[in-house]
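Geometric and topological summary
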Amino acid sequence: MSSDLGWVPPGVDTTVPSPARVYDYWLGGGHNFASDRALGEKILRIMPGVRDAARLNRSFLRRAALHMVEQGVRQFLDIGSGIPTVGNLHEIVQAEVPGCRVVYVDKDDVAVAHSEMILAGNGDTAVVQADLRDLDAIFNAGRTRELLDFDQPVGLFMLLVLHFVPDEWDPAAIVGRYRDRLAPGSFLALSHASAEAKPEGMDEAVQAYNVKSTANQAFPRTHDEVMAFFDGFDLVEPGLVGCPSWRPDGEGDFAANPEINEVPFAGVAVRP
């Protein structure tokens with residue numbers, strides 16, 4: 001939706017940017033409004049590498065998903081999924097093994113509405129609108145119960161979402177609640193903005209985002225802080241690393257600016 005004159009879900013305030021839609025814009029998607037594009041461009045001017053960081057995260061999603069499929073996982077839960085855009089999780093896993101089942105979860109009205117449109121006719125994929133803290137709403141949703149069997153391993157994705165969770169919400173405890181509902185052999189794929197990477201303009205970019213997007217403040221964290229989210233899981237090699245360093249397929253998985261390669265942390269872990 002490249003024009004704000006097109007279809008807009010009821011009740012959506014198109015003047016307030018959202019993380020899902022700004023991310024969609026950086027990836028070259030069309031499901032964003034003028035406010036999202038304006039903020040996206042402002043941050044790009046401050047930190048030109050942010051578009052590369054978004055691309056690296058999307059590439060990590062693909063590699064993590066394929067690793068889980070190789071390990072026998074056939075059902076997936078994507079928390080904070082945003083707008084299904086370039087390189088959708090369900091397209092990746094269902095192309096590899098038809099019949100893989102995917103439930104997307106997001107609270108953003110536009111992300112959910114567009115997900116419903118994109119997923120229409122795909123009986124193995126659904127979207128649930130819920131806050132990531134409301135596990136009962138997510139796990140007990142009708143489509144979740146239809147598609148996912150939590151007595152069997154699940155691939156849980158939490159990509160670039162937990163840095164929108166403030167410390168007072170205790171994000172590590174939130175992840176722990178998901179872990180406790182997953183069967184042994186389940187996987188967690190997680191990426192998170194680093195507080196240690198310092199490419200030019202990153203601090204200013206975070207400040208610009210937080211000033212403009214009052215409903216979704218960003219909280220980059222250190223390596224040790226992000227490691228705490230994997231408590232109760234066993235990290236698979238190479239551990240928690242810069243996003244493109246997680247089992248890259250080639251040079252194309254890296255940014256030209258080496259500092260950008262460290263902006264998102266990424267890791268995959270298994271529940272023993």
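Up top is the structure these notes are about.
So, a few notes on the structure that sits alongside this text. All of these numbers come straight from a predicted model, not from anything done at the bench.

Count 3.6 residues to each turn of an α-helix, and residues three or four apart come out pointing the same way. Buried residues of helix α8 (residues 171-181): Pro171, Ile174, Val175, Gly176, Tyr178 and Arg179, and no others. Buried residues along α8 sit in contact with β1 (75-79), α6 (135-139), β4 (155-159) and β5 (187-193).

With that settled, consider helix α1 (residues 19-26). Of all eight residues that make up α1, eight are buried, and the element is covered over most of its length. Every buried residue of α1 is accounted for by Pro19, Ala20, Arg21, Val22, Tyr23, Asp24, Tyr25 and Trp26. Its side-chain oxygen at 3.2 Å from the backbone nitrogen of arginine 21, serine 18 defines the N-terminal cap of α1. Directly beyond the C-terminal end of α1, a positive phi value near 90° is found at glycine 28.

The next point concerns the packing of α1 against helix α2 (residues 34-46). Packing of α1 against α2 brings their axes to within 9 Å, and their N-to-C directions diverge by 65°. Between α1 and α2 the crossing geometry is right-handed. Counting all contacts with α1, which are made through Arg21, Val22, Tyr25 and Trp26, the residues of α2 involved are Asp36, Arg37, Leu39, Gly40, Glu41, Ile43 and Leu44. Residue classes in the contact of α1 with α2 are distributed as six nonpolar, one polar and four charged.

All told, the structure shown has nine salt bridges when counted by the stated rule. Note that aspartate 108 is salt-bridged to arginine 21, the shortest N-O span being 3.4 Å. Of this pair, aspartate 108 sits in the loop between β2 (101-106) and α5 (109-119) while arginine 21 is found in helix α1, placing the two residues 87 residues apart along the sequence. Judged on exposure class, the residue aspartate 108 and its partner arginine 21 are both buried.

Let us look at the pairing of strand β8 (residues 264-270). Counting buried residues along β8, six of its seven residues qualify, which places the element largely inside the surrounding structure. Pairing geometry for β5 and β8, over seven bridges, is antiparallel. Within the sheet, the bridge partner assigned to leucine 188 lies in β8 and is alanine 269. Pairing of strand β6 (residues 234-235) with β8 involves two bridges; the strand directions are antiparallel. Within β8, the residue paired with leucine 235 across the bridge is alanine 269. Pairing analysis gives two bridges linking strand β7 (residues 241-242) to β8, with the strands arranged antiparallel. Paired with valine 241 across the strands is alanine 266, a residue of β8.

What counts as what
- Residues numbered from 1 in each chain as written.
- Predicted model: local features only at pLDDT ≥ 70, side-chain atom pairs only at ≥ 80, totals over all residues.
- Heavy atoms only, no water.
- Buried < 20%, exposed > 50% of the residue type's maximum accessible area, 1.4 Å probe, protein only.
- Helix = DSSP H or I, 4+ residues; strand = E, 2+ residues; numbered from the N terminus.
- Contact = heavy atoms within 4.5 Å.
- Polar contact = N/O pair within 3.5 Å; in protein donor to acceptor, adjacent residues only side chain to side chain.
- Axes fitted to C-alpha atoms, helices over the stretch in contact; angles between N-to-C directions.
- Left-handed = near helix turned anticlockwise from the far one by under 90°.
- Nonpolar A, V, L, I, M, F, W, Y, C, P; charged D, E, K, R; others polar.
- Salt bridge = Lys/Arg side-chain N within 4 Å of Asp/Glu carboxyl O.
- Pairing = 2+ DSSP bridges.

Just geometry here; none of it tells us what the structure is for.
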